[in-house]
Amino acid sequence: MEQLLQRIDVGNLIIWFIVLLFSLSFHEAAHAWTSYRFGDDTGKLQGRITLNPIAHIDPIGTILFPLLSSIGGLPLLGWAKPVQTNPLLWRDKTKANIWVSAAGPLSNFILAVIAFIIIKALLMSGILYLNGGYYTLVMAGPDQPAFMTPLAVLLSVMLLLNVLLGVFNFIPVPPLDGSHILEEMLPRSMAEAYYQIRPFGFILLYLLMFLGVFTAIFVPVYKAVLYLLAA
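Below or above, wherever it landed, is the structure these notes cover. Just so it is clear, the structure is predicted and the values come from calculations on it, not from any experiment. (Residues numbered from 1 in each chain as written. Predicted model: local features only at pLDDT ≥ 70, side-chain atom pairs only at ≥ 80, totals over all residues. Heavy atoms only, no water.)

1. A closer look at the nonpolar core
Part 1 of the argument: Of all hydrophobic cores here, the largest spans 34 residues; its most connected members are Leu128, Leu137 and Leu159.
Part 2 of the argument: At 13 residues, the largest contribution of residues to this core is made by helix H6 (residues 148-170).
Part 3 of the argument: Setting aside anything within four residues of it in sequence, one finds leucine 128 in contact with Leu122, Leu123, Val138, Met139, Ala140, Met148, Ala152 and Leu155. (Core = buried A, V, L, I, M, F, W, Y, C linked by side-chain atoms within 4.5 Å. Buried < 20%, exposed > 50% of the residue type's maximum accessible area, 1.4 Å probe, protein only. Helix = DSSP H or I, 4+ residues; strand = E, 2+ residues; numbered from the N terminus. Contact = heavy atoms within 4.5 Å.)

2. Structural notes on the environment of valine 173
Part 1 of the argument: Topologically, valine 173 is positioned in the loop between H6 and helix H7 (177-185).
Part 2 of the argument: The exposure class of valine 173 is buried, given its relative accessible area of 8%.
Part 3 of the argument: For the pair valine 173 and glycine 201, spaced 28 residues apart in the sequence, the C-alpha separation amounts to 6.4 Å.

3. Examining the pattern of salt bridges
Part 1 of the argument: Inspection of every chain in the model, using the stated rule, returns one salt bridge.
Part 2 of the argument: A salt bridge links glutamate 183 to arginine 198; the nearest nitrogen and oxygen atoms lie 2.8 Å apart. One end of the pair, glutamate 183, is in helix H7; the other, arginine 198, is in the loop between helix H8 (188-195) and helix H9 (201-210), and 15 residues separate them in sequence.
Part 3 of the argument: Looking at glutamate 183, the relative accessible area reads 19%, which means it is buried. (Salt bridge = Lys/Arg side-chain N within 4 Å of Asp/Glu carboxyl O.)

4. As for the side chain of serine 179
Part 1 of the argument: When you line up the elements, serine 179 lands in helix H7.
Part 2 of the argument: Excluding its chain neighbours within four sequence positions, the residues that come into contact with serine 179 are Ile171, Pro172, Val173, Pro174, Tyr194 and Arg198.

5. Regarding unusual backbone geometry
When glycine is set aside, most residues are seen to have a negative phi, and most peptide bonds are trans.
Part 1 of the argument: Residue proline 175 is bonded to the preceding proline 174 through a cis peptide linkage, with omega at 5°.
Part 2 of the argument: One can find proline 175 in the loop between H6 and H7.
Part 3 of the argument: Positioned with a positive phi, aspartate 92 is a non-glycine residue whose angle comes to about 55°.
Part 4 of the argument: For aspartate 92, the position within the fold is in the loop between helix H4 (59-71) and helix H5 (93-124).

6. Structural notes on H5
Part 1 of the argument: Between its terminal C-alpha atoms H5 stretches 45 Å, which fits the 46 Å expected from 32 residues at 1.5 Å a residue.
Part 2 of the argument: Approximately 40° is the largest bend angle found in H5, and it occurs at alanine 103, with the proline proline 105 only one to four residues beyond.
Part 3 of the argument: Where H5 terminates, the next one or two residues include glycine 126, which has phi positive at roughly 85°. (Expected span 1.5 Å × (residues − 1). Bend = angle between axes of the 7 residues up to and from the residue.)

7. Looking at the packing of aromatic side chains
Part 1 of the argument: A full pass over the atoms with the stated rule returns five aromatic pairs.
Part 2 of the argument: Judged by centre distance (5.2 Å) and plane angle (45°), the ring pair of phenylalanine 65 and tryptophan 79 falls under tilted. Note that phenylalanine 65 is positioned in helix H4 and tryptophan 79 in the loop between H4 and H5, a separation of 14 residues in sequence.
Part 3 of the argument: By relative accessible area, which is 28% here, phenylalanine 65 ends up partly exposed.
Part 4 of the argument: Classification of tryptophan 79 as partly exposed rests on a relative accessible area of 37%.
Part 5 of the argument: With centroids separated by 6.0 Å and ring planes inclined at 20°, the aromatic side chains of phenylalanine 109 and phenylalanine 170 adopt a geometry described as stacked. Of this pair, phenylalanine 109 sits in helix H5 while phenylalanine 170 is found in helix H6, placing the two residues 61 residues apart along the sequence.
Part 6 of the argument: Take phenylalanine 170: its relative accessible area is 30%, and that puts it in the partly exposed class.
Part 7 of the argument: The ring of tyrosine 36 carries the charged tip of lysine 44 above its face, separated from the ring centre by 5.6 Å. (Phe/Tyr/Trp six-rings, centres within 6.5 Å; stacked < 30°, edge-to-face > 60°. Lys NZ or Arg CZ within 6 Å of the ring centre and 35° of its normal.)

Remember, this is a structural readout, not a statement about activity or role.
Dropping the structure here:
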């Protein structure tokens, strides 16, 4: 156990978990708020329009899976408890389904843009410098106060994790948000055929992850973020 703790950077792990918890809460709250704006108050009545992580925690996806990922040396990813919706209450059901589904990943991109702007400003001021690592995209300069080191890690994680969550959830594979968007955009006959793969969505997700498809999608986006920060 002691050797395991030595191998894991506990400080960085805590920062990752805090950012993950906040990002997932923001993601699910965005789903609930958007659904409410289209006339469905199910999420609101269940207390899901909140950044309080207690309302969104899924024991497996929010706690167990990220913990196992960190022990296995994998990126700290996870999921929150899905927001329940009642499409029968939506006004303009097609438009509502698209926007309610898109609200989650878009909220992650909003957080990523905020982190990007702060990092860019600190880079231009010389307070941070670009490192390019996955866990430490930026680092504090040698003459900076001690608190800038964890702040640099937090900003790095906030940017990259939310870019990853946004890109990942827009992929049109069930049960990801992108699958609902694609389903509404397809002709009815194709949408019905596409819907048939929904029960096998998790198997398909793991297969695509194993084949490196998601990595191939995310890496160019990651490189684009580095380019824009360095520009």
